[in-house]
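Chains, contacts and geometry: an overview
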Amino acid sequence: MSGRIFSGVQPTGALHLGNYLGAIRHWVHLQQDYEAIYCVVDQHAITLPQDPNELRGAIREVAAALIACGIDPDRSILFNQSTVPAHAQLAWVLMCQTPIGWLNRMTQFKEKAGKQRDNASAGLYTYPVLMSADILAYNATHVPVGEDQKQHLELARDTAGAFNRQFGVEFFVLPEPMILGEATRVMSLRDGTKKMSKSDTSDYSRINLTDDADTIAQKIRKAKSDPIEGMSYDVAGRPEASNLLTIYAALADLPRSQVEAEFASANFSAFKGRLADLCVEKLSPITTEMRRLLADPAEIDRILDRGAEKADAIAGPILRQVYDIVGFRQA
Ligand code: AMP
Ligand code: TRP
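Treat the numbers as computed from the prediction; the structure is a model and nothing was measured.

1. As for the pairing of strand E1 (residues 4-9)
Extensive coverage of E1 is indicated by the burial of 5 of its 6 residues. Summarising the sheet, E1 and strand E2 (residues 35-40) pair through 6 bridges and their orientation is parallel. Its bridge partner being in E2, Gly8 is matched across the sheet by Cys39.

2. Examining the site of ligand 1
Around ligand 1, a shell composed of 18 residues is seen, among which Gln10, Gly146, Asp148, Val186 and Lys198 lie nearest. A distance of 2.9 Å is found between an oxygen atom of ligand 1 and a backbone nitrogen or oxygen belonging to Gln10. Separating a nitrogen atom of ligand 1 from a backbone N or O atom of Val186 is a distance of 2.8 Å. Put simply, ligand 1 lies in the largest pocket. At 4 residues, the largest contribution of residues to the shell around ligand 1 is made by helix H1 (residues 17-30). When its residues are assigned to classes, the shell around ligand 1 shows 6 nonpolar, 8 polar and 4 charged.

3. Focus on the domain arrangement of the protein chain
Partitioning the protein chain into domains gives domain 1 (4-179 + 297-326) and domain 2 (203-292). Here domain 1 and domain 2 have C-alpha centroids that lie 30 Å from each other. With 12 residues of domain 1 at the interface, the matching set in domain 2 holds 14 residues. Of the roughly 1,100 Å² buried where domain 1 meets domain 2, counting both sides, 78% is carbon and sulfur surface. If you look at where domain 1 meets domain 2, you find 0 salt bridges. At the boundary of domain 1 and domain 2, one finds 3 residue pairs in polar contact (both at pLDDT 80 or more). In terms of residue count, the dominant contributor to the side of domain 1 that touches domain 2 is helix H3 (residues 52-69) (5 residues).

4. Focus: H1
Counting along an α-helix, one turn takes 3.6 residues, and residues three or four places apart therefore face a common direction. Taking 1.5 Å per residue, 14 residues should reach 20 Å; H1 reaches 19 Å between its end C-alpha atoms and fits that length. Along H1, the helix axis deviates most sharply at Ala23, where the bend reaches about 40°. With 13 of its 14 residues buried, H1 lies for the most part within the structure.

5. Some details on empty space enclosed by the protein
If you roll a probe as big as a water molecule over the atoms, it shows you where there is empty space left. Tallied over the full model, the rule gives 1 cavity of 30 Å³ or more. The space that makes up the largest cavity amounts to roughly 40 Å³. What lines the largest cavity is simply Gln108, Phe109, Lys112, Leu124, Tyr127, Pro128 and His152. Listing elements by their share of the lining of the largest cavity, those giving two or more residues are helix H6 (107-113) and helix H7 (122-136). Looking at the lining of the largest cavity, its residues break down into 4 nonpolar, 2 polar and 1 charged.

6. Quick word on the environment of Leu209
Mapped onto the fold, Leu209 is located in the loop between strand E5 (176-178) and helix H9 (213-222). Its relative accessible area of 1% is what places Leu209 among the buried residues. Sequence separation between Leu209 and Asn19 is 190 residues, and the spatial gap between their C-alpha atoms is 9.4 Å.

7. Quick notes on the packing of aromatic side chains
Working definition: an aromatic ring pair is given by the centre-to-centre distance plus the angle between the planes. Following the criterion strictly, the structure yields 11 aromatic pairs and no others. Measuring from centroid to centroid gives 6.4 Å for Phe79 and Tyr138, while their planes differ by 55°, and the two rings are tilted. Of the two residues, Phe79 is situated in strand E3 (residues 77-80) and Tyr138 in the loop between H7 and strand E4 (142-144); the sequence distance between them amounts to 59 residues. Accessibility expressed as a relative area gives 0% for Phe79, which makes it buried. Ring centres of Tyr248 and Phe271 lie 5.7 Å apart, and the angle between their planes is 40°; this geometry places the pair in the tilted category. Taken together, the residues span a long stretch of sequence, with Tyr248 in helix H10 (residues 239-252) and Phe271 in helix H12 (residues 268-294) at a distance of 23 residues. Each of the two residues, Tyr248 as well as Phe271, counts as buried. Put simply, the rings of Phe163, Phe167, Phe171 and Phe172 pair up and form one aromatic cluster. In this structure, Arg256 packs its charged tip against the face of Tyr233, placed 3.4 Å from the ring centre.

Definitions and limits used
- Residues numbered from 1 in each chain as written.
- Chains lettered and ligands numbered in written order.
- Predicted model: local features only at pLDDT ≥ 70, side-chain atom pairs only at ≥ 80, totals over all residues.
- Heavy atoms only, no water.
- Buried < 20%, exposed > 50% of the residue type's maximum accessible area, 1.4 Å probe, protein only.
- Helix = DSSP H or I, 4+ residues; strand = E, 2+ residues; numbered from the N terminus.
- Pairing = 2+ DSSP bridges.
- Near = heavy atom within 4 Å.
- Polar contact = N/O pair within 3.5 Å; in protein donor to acceptor, adjacent residues only side chain to side chain.
- 1 Å grid on protein atoms, 1.4 Å probe; cavity = no way out; pocket = protein on both sides within 12 Å on 5 of 7 lines; lining within 4 Å.
- Sits in = over half its atoms within 2 Å of the grid points.
- Nonpolar A, V, L, I, M, F, W, Y, C, P; charged D, E, K, R; others polar.
- Domains from an automatic or database assignment.
- Contact = heavy atoms within 4.5 Å.
- Buried area = accessible area lost by both parts, 1.4 Å probe.
- Salt bridge = Lys/Arg side-chain N within 4 Å of Asp/Glu carboxyl O.
- Expected span 1.5 Å × (residues − 1).
- Bend = angle between axes of the 7 residues up to and from the residue.
- Points joined across faces, edges and corners; volume = space filled by probe spheres on them.
- Phe/Tyr/Trp six-rings, centres within 6.5 Å; stacked < 30°, edge-to-face > 60°.
- Lys NZ or Arg CZ within 6 Å of the ring centre and 35° of its normal.

This is the structure:
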């Protein structure tokens, strides 16, 4: 084993192609060489208001999606965050090591809080500290994520360093970001300059892992295009064409330049047809397996409970050492 991986995904709606290409398919491969811990981060989800019943359903749905994509809960650890208390407990300690100025620089908070910054919850503001706690509670060496999480990971490294310096210890490992593959930032199908996201109001902006073949084909057919002849990669000039070429390359596991060459003289709609076929071919086995798993929610709960036990066995002792380092008396 070459290290310990930790990564997380929020249960705030169906997983989409961006989650799959930017993160989850890499998580599946990494299980071979790393001790892997994958977490459905429900505590992160409530930084924005959530309907309790929907949240409960989404936790199981995301767990099922991860298993359907190939995360093996016997080999790796799969659980939901709130079942392991060390995350919130360590977050408090780290909160006290994190200068407010560092949080003020976080661009995701600015995006999510929008103009209503004073009304955003303190949880949304301190979200990156909870994320640091997720990683540091396991002393994870590597964190595979999409491009959008890079800034949060830098904060986790800085916080680990600040703790070590303040207490004169070499306790926390500084976690390395792993931003893998070509599709580190999959863009919306409706606007090639915006990230594909669970929170986009238009369902046509994304391909969900739960979409059936017809829906996938229709969404790709309706995806925004441009009037230029032939397909070419030019992020500034042709954001939509570039995004679709990147998606094709990632799904086909081919270098982008090869895909670009293959479709250099294809028109947009012919290319979309090929992309739709490829998408359906790659995603339909996942969708089918997800449906099978979701038919038995009790089994998903058993898997998550087993994962929580294994996670707690690692994070519990690390938290007790942290408490000792900071000087808490322990029962
Ligand atoms: P989230 O849906 O925000 O919980 O993200 C889960 C994982 O998917 C993280 O590693 C993100 O970086 C990654 N991710 C989310 N959206 C995208 C996207 N549009 N393109 C690439 N990766 C993404
Ligand atoms: N903030 C991440 C996202 O929105 C999810 C996340 C929470 C995470 N904790 C993590 C990712 C720890 C990696 C490691 O995508």
